[in-house]
Amino acid sequence: MIARVLRNTELAPMADLVSPALWKVVSWREPWKAMRQLLGNNRDRRRFAELVDALQGDELRLVDGPTGQSVLDLADDAALARVTGEALLELFFRQLLTRDTVLLDLRPQRLGLEGEALCWWPKRYYFRWSETVGAGLRGLYEGFYGEREELFIASLAALSLTPAEAVFRQHFQSTTAQRFEVAALMETLNEVFEVCAAAKVKLSGEFVAFGFYLTALYQSLEALGAMLDVRSCYARVETLSSPS
């Protein structure tokens, strides 16, 4: 039902990028709260402009429309595909690790490359994590890639994901270059939510927004087809970024 409602709003493109199994593990009120925030944000042009300005930089240009080479056309150039993929991963981590409010639209049709700069023209899909979910998501990545076992375990617990610990370890296991596939991500997410459903665990409706953010990233990385070292990308962001 919630997915059908999504398809009748400005958020329609998000509907197919959220694992259907998620609806089994969120109480009915939770997704509505997330949707209300997303719809309100979508109409707030001024706040969106502020977020865009805060992200602009020499290696990232937020623009009004398509420019440069589309991410969808870069797969035949292995070097460009790798550089662009690394820039995308670092953008994903940079937002997640340093910002409470995140621009979510990392779909390939919203990304291009001009010179050495990543160009991005996202729709006004942005979301502010609650303190608990934001800290939990950051801790999940910091705990694993920073090899902080206690933080990893505590973050799973904070997000009510402890029953799916083994699934997450399997998902994160690669420490070298890897290729990204949306089908594999969906399989993992479905398994996470099914395990949580079997354990009668309820998750935050904010996973609607995070599911879109993560799946959109995978769509772009799959289109690029490059082998990418996620741990190295994470380490560069952790080293260079400071909370804002």
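Residues numbered from 1 in each chain as written. Predicted model: local features only at pLDDT ≥ 70, side-chain atom pairs only at ≥ 80, totals over all residues. Heavy atoms only, no water.

Peer 1: Requested: an account of the overall build of the protein chain, with residues and values cited.
Peer 2: A count of helices and strands for the protein chain gives 10 helices and 6 strands. Computed over C-alpha atoms, the radius of gyration of the protein chain comes to 17 Å, within 12% of the 18 Å expected from 2.2 N^0.38 for 244 residues, which places it in the range of a compact globule. Taken along the three principal axes of its C-alpha coordinates, the protein chain extends 50 × 40 × 35 Å. A buried classification covers 49% of the 244 residues belonging to the protein chain. Look at the contacts in the protein chain between residues 6 or more apart in sequence, and 79% of them connect residues 24 or more apart. Approximately 11600 Å² of the protein chain is accessible, and the part contributed by carbon and sulfur atoms is 49%. (Helix = DSSP H or I, 4+ residues; strand = E, 2+ residues; numbered from the N terminus. Rg over C-alpha atoms; globule rule 2.2 N^0.38 Å. Buried < 20%, exposed > 50% of the residue type's maximum accessible area, 1.4 Å probe, protein only. Contact = heavy atoms within 4.5 Å. Areas by Shrake-Rupley, 256 points an atom, 1.4 Å probe, with all protein chains shown as cover.)

Peer 1: Tell me what's going on with the packing of helix α6 (residues 149–158) against helix α7 (residues 165–172), and back it up with residues and numbers.
Peer 2: The N-to-C vectors of α6 and α7 enclose an angle of 125 degrees; their axes lie 11 Å apart at closest approach. With respect to their mutual orientation, α6 and α7 come out oblique. The two elements α6 and α7 meet at a crossing, and its hand is right-handed. On α7, the residues that touch E149, F152, I153 and L156 of α6 are E165, F168, R169 and F172. The class makeup of the residues in the contact of α6 with α7 is 5 nonpolar, no polar and 3 charged. (Axes fitted to C-alpha atoms, helices over the stretch in contact; angles between N-to-C directions. Parallel < 35°, antiparallel > 145°, perpendicular 65-115°, else oblique. Left-handed = near helix turned anticlockwise from the far one by under 90°. Nonpolar A, V, L, I, M, F, W, Y, C, P; charged D, E, K, R; others polar.)

Peer 1: Tell me about the nonpolar core, residues and numbers included.
Peer 2: Counting 81 residues, the largest nonpolar core has F92, L104, W129, Y141 and F210 as its most contacted members. Counting residues per element, this core draws most heavily on helix α9 (residues 207–224), at 12 residues. Leave out the neighbours within four places in its chain, and L104 touches M14, L38, Y125, Y126, F127, W129, A209, F212, Y213 and A216. (Core = buried A, V, L, I, M, F, W, Y, C linked by side-chain atoms within 4.5 Å.)

Peer 1: So what's going on with the pairing of strand β5 (residues 117–120)? Residues and values would help.
Peer 2: By the alternation rule, side chains of β5 split into A117 and C119 and L118 and W120, which are all buried. With 3 bridges joining them, strand β1 (residues 60–62) and β5 adopt parallel strand pairing. Residue pairing across strands places R61 opposite C119, the latter belonging to β5. Connecting strand β4 (residues 111–114) to the antiparallel partner β5 that follows it, the hairpin turn spans 2 residues, and G115 within it adopts a positive phi of roughly 65 degrees. (Pairing = 2+ DSSP bridges.)

Peer 1: So, the side chain of S220: which residues are in play, and what are the values?
Peer 2: For S220, the position within the fold is in helix α9. Once you skip the residues sitting within four places of it in the chain, S220 turns out to touch V71, L88, L106, R107, P108 and L111.

Peer 1: So what about the sheet that holds β4? Which residues, and what values?
Peer 2: Strand order in the open sheet made by the 4 strands is β1-β5-β4-β2, with mixed pairing throughout. The open sheet has two free edges, formed respectively by β1 and β2 (69–70), since each of these has just one partner strand.

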